[in-house]
Amino acid sequence: MKLYELDNEYLDFIAAVEDGTIPEDAIEDTLEMLNGDYKDKLDNTICAIKNLTAEAKMIDEEIKALTARKKAKENSADYLKSCVSRSMQCRGETSFESARNKVAFRKSERLVIADEAAFVEKYPEFVTFTPKISKTDVKTAVKSGESFDGADIVEVQNIQIK
């Protein structure tokens, strides 16, 4: 039986007790049985939460390790690419082809801005950004007595599992 089904069964039992459809001598035994099933299911559900949380943490750690390995491989490839490029340019070669590989230089354009801060100051129309609300700062301001339309501190109940 699922946790919510046990909750519904408990609520039905309470309603039946209030209606008087459950005999007085059966109330205590039935309540004890319902609470026992509930506590077992609740304990098992909390164990499942802990296991899922631990698995998610292990996945995060594996993601970090794989990301580091990926970055190392990309850095090695970039280094070897620069070695090939430098070697070919040193010899004046513009292309290379073998049975397995083909390499050639192509022309491209890249914008270089020497002093970005000065450029931003002089040409602000080229600056783009996405505004982000500092919820920590707003919360601190509201707690200190300031009022903002559409910003309220709401108390919530967060479950903590240890």
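What you see is a predicted model; the values in this text were computed from it and never measured.

J.: Would you mind showing me how to read the overall build of the protein chain here?
T.: What the protein chain contains, in helices and strands, is 4 helices and 2 strands. If you list the helices and strands of the protein chain from N to C, you get α-α-β-β-α-α. Computed over C-alpha atoms, the radius of gyration of the protein chain comes to 33 Å, more than 25% over the 15 Å expected from 2.2 N^0.38 for 162 residues, which places it beyond the range of a compact globule. Sorting the 162 residues of the protein chain into buried and exposed places 4% on the buried side. Considering only contacts in the protein chain between residues 6 or more positions apart, those separated by 24 or more positions represent 33%. Of the accessible surface of the protein chain, which amounts to about 15300 Å², a share of 54% is contributed by carbon and sulfur atoms.

J.: How should a negative patch on the surface be read in this particular structure?
T.: On the surface, a cluster of negative charge is contributed by Glu24, Asp25, Glu28, Asp29 and Glu32. Checked against the element boundaries, Glu24 lands in helix 2 (residues 24-91).

J.: Help me understand the pattern of salt bridges in this model?
T.: Oppositely charged side chains can form a pair if their charged atoms are brought close together. For the coordinates displayed, the defined rule picks out 1 salt bridge. Two residues, Glu74 and Lys70, come together in a salt bridge whose shortest N-O distance is 3.7 Å. One end of the pair is Glu74 and the other is Lys70, both in helix 2 and 4 residues apart, which spans about a single turn.

J.: Help me understand the packing of aromatic side chains in this model?
T.: Think of a pair of aromatic rings as described by two things: how far the centres are apart, and how the planes are tilted against each other in angle. Overall, the coordinates contain 2 aromatic pairs when judged by the stated rule. Where Phe119 meets Tyr123, the ring centres are 4.9 Å apart and the plane angle is 45°; that geometry is what we call tilted. You can call Phe119 partly exposed: its relative accessible area is 30%. Linked through ring pairs, Phe119, Tyr123 and Phe126 together constitute an aromatic cluster.

Definitions and cut-offs
Residues numbered from 1 in each chain as written. Predicted model: local features only at pLDDT ≥ 70, side-chain atom pairs only at ≥ 80, totals over all residues. Heavy atoms only, no water. Helix = DSSP H or I, 4+ residues; strand = E, 2+ residues; numbered from the N terminus. Rg over C-alpha atoms; globule rule 2.2 N^0.38 Å. Buried < 20%, exposed > 50% of the residue type's maximum accessible area, 1.4 Å probe, protein only. Contact = heavy atoms within 4.5 Å. Areas by Shrake-Rupley, 256 points an atom, 1.4 Å probe, with all protein chains shown as cover. Patch = residues over 30% accessible without salt bridge, like charges linked within 9 Å, V, L, I, M, F, W, Y side chains within 5 Å. Salt bridge = Lys/Arg side-chain N within 4 Å of Asp/Glu carboxyl O. Lys, Arg positive; Asp, Glu negative; His and termini not counted. Charge placed at Lys NZ, Arg CZ, Asp CG, Glu CD. Phe/Tyr/Trp six-rings, centres within 6.5 Å; stacked < 30°, edge-to-face > 60°.

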